[in-house]
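Letter by letter, the chains look like this.
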Amino acid sequence: MGRPPATRAGPRLLLAAVAVFLVLARGSASAAGQAELTVQLGHASGVYDVAWAPGDQQIATIGFDRTVRLWDTATGAELRSLGLPGSGKPAQMSSVVFLPSGELAAIGGPDGGLTIWSLTTGAVERQLSLPLGQTTTIAASSRGRFVAMGDDEGQLGLYSLADEESRVCDTGLERVEVVSFLPRADGLVLALDRSGEARTIGPDCSVLGRSPPVAHRLLAARADADGTSMMFRTE
């Protein structure tokens, strides 16, 4: 099913000091069957969240310096950067995800802030605030029509890029650790808590399904291409 999604729940991947380490399979390295390690020094402090672009040619990182940076995985070059809005909350309450086109990224900030960032122009295309608690996770639907954000109060924020409408849903979970859109049902979101207990949420906030806990601590989850089963990563 491909590479599992970058973890955006529970303990995050915090890379030491100011470096972002990318494992890049370059031509010379791949010829010898080896992966090449490249060090990126763009952030002024540690890195909190990482997202891969469709096609794996770019990644985006969020640092504790409150910036989002776009990197070329082939050359290791920094392509763009964006300062996160606000200054009252630390960057560890932020998450980033690419939209399927690879031309836009959605950035979930503290207290329900949502930024849609153009990766081709570097401009902020949309910026809004949803009435959420602290952002825990973010996901984009497979067709790029919806963005979902979870928070530490069990709420799910849904934003439609097509009509620019948003709503906040009560999942009934204590905390939303992971969100994942069902691939063949655009707009249906699977929200999971730390134990893997899940709710299937519709675009109108209706709870369409429930499942019991599956793990001691859930780190990531992804639906398969048919939307009939889930892959989990746990502690």
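Structural data are supplied above this passage.
Structural notes, computed from the coordinates. From a predicted model like this one, the values you see are computed outputs, not experimental measurements.

Next up on the list: the sheet that holds strand 4 (residues 58–63). Reading across from one edge, 3-4-5-6 is the order of the 4 strands in this open sheet, with antiparallel pairing throughout. Each edge of the open sheet is held by one strand with a lone partner, namely strand 3 (47–52) and strand 6 (78–83). Neighbour to neighbour, the strand axes of the sheet diverge by 20 degrees on average, direction disregarded. For strand 4 and strand 5 (residues 67–72), the ladder comprises 5 bridges, and the chain directions are antiparallel. Bridge assignment links Gln 58 to a residue of strand 5, and that residue is Asp 72.

Attention shifts here to the sheet that holds strand 10 (residues 124–129). Pairing in this open sheet of 4 strands is antiparallel, and the strands run 7-8-9-10 from one edge to the other. At either end of the open sheet lies a strand with only one pairing partner, and these are strand 7 (95–98) and strand 10. Each strand of the sheet is rotated relative to its neighbour by a mean of 15 degrees, with strand direction disregarded. Sheet topology note: the strand 9 (residues 113–118)/strand 10 ladder contains 5 bridges and is antiparallel. Along strand 10, the bridge assignment pairs Trp 117 with Val 124.

Let's shift gears to the pairing of strand 5. A regular strand places its side chains so that they alternate between the two faces of the sheet. Most of strand 5 sits out of view: 5 of its 6 residues are buried. Between strand 4 and strand 5, which follow one another and run antiparallel, lie 3 residues, and Arg 66 among them has a positive phi close to 65 degrees. Here 5 bridges tie strand 5 to strand 6, and the two strands are oriented antiparallel to one another. Within the sheet, the bridge partner assigned to Val 68 lies in strand 6 and is Leu 82. Where strand 5 folds back onto strand 6 in an antiparallel hairpin, the turn is made up of 5 residues, including Gly 76, whose phi is positive at roughly 80 degrees.

Further remarks concern the state of the cysteines. Working definition of a disulfide: a covalent bond connecting the sulfur atoms of two cysteines. Evaluation of the coordinates by the stated rule reveals 1 disulfide. With its sulfur 2.0 Å from that of its partner, Cys 169 forms a disulfide with Cys 205. Measuring handedness by torsion sign, the sulfur bridge of Cys 169 and Cys 205 sits at about -70 degrees and is left-handed. Here Cys 169, found in strand 14 (residues 166–170), pairs with Cys 205, found in the loop between strand 17 (198–201) and strand 18 (207–211); they are 36 residues apart in sequence, far enough to count as distant. Note on Cys 169: relative accessible area 1%, which makes it buried.

What follows deals with the pattern of salt bridges. For side chains of opposite charge, pairing can occur when their charged atoms come near one another. Applying the stated criterion across every chain, the model contains 5 salt bridges. Across the salt bridge formed by Arg 69 and Glu 78, the nearest N and O atoms sit 2.8 Å from each other. Accessibility expressed as a relative area gives 13% for Arg 69, which makes it buried. Taking the relative accessible area as the measure of exposure, Glu 78 reaches 34% and is therefore partly exposed. Across the pair Arg 199 and Glu 197 runs a salt bridge whose closest N-O atoms are separated by 3.0 Å. Given a relative accessible area of 7%, Arg 199 falls into the buried group.

Basis of the calculations
- Residues numbered from 1 in each chain as written.
- Predicted model: local features only at pLDDT ≥ 70, side-chain atom pairs only at ≥ 80, totals over all residues.
- Heavy atoms only, no water.
- Pairing = 2+ DSSP bridges.
- Helix = DSSP H or I, 4+ residues; strand = E, 2+ residues; numbered from the N terminus.
- Axes fitted to C-alpha atoms, helices over the stretch in contact; angles between N-to-C directions.
- Buried < 20%, exposed > 50% of the residue type's maximum accessible area, 1.4 Å probe, protein only.
- Disulfide = S-S within 2.5 Å.
- Salt bridge = Lys/Arg side-chain N within 4 Å of Asp/Glu carboxyl O.

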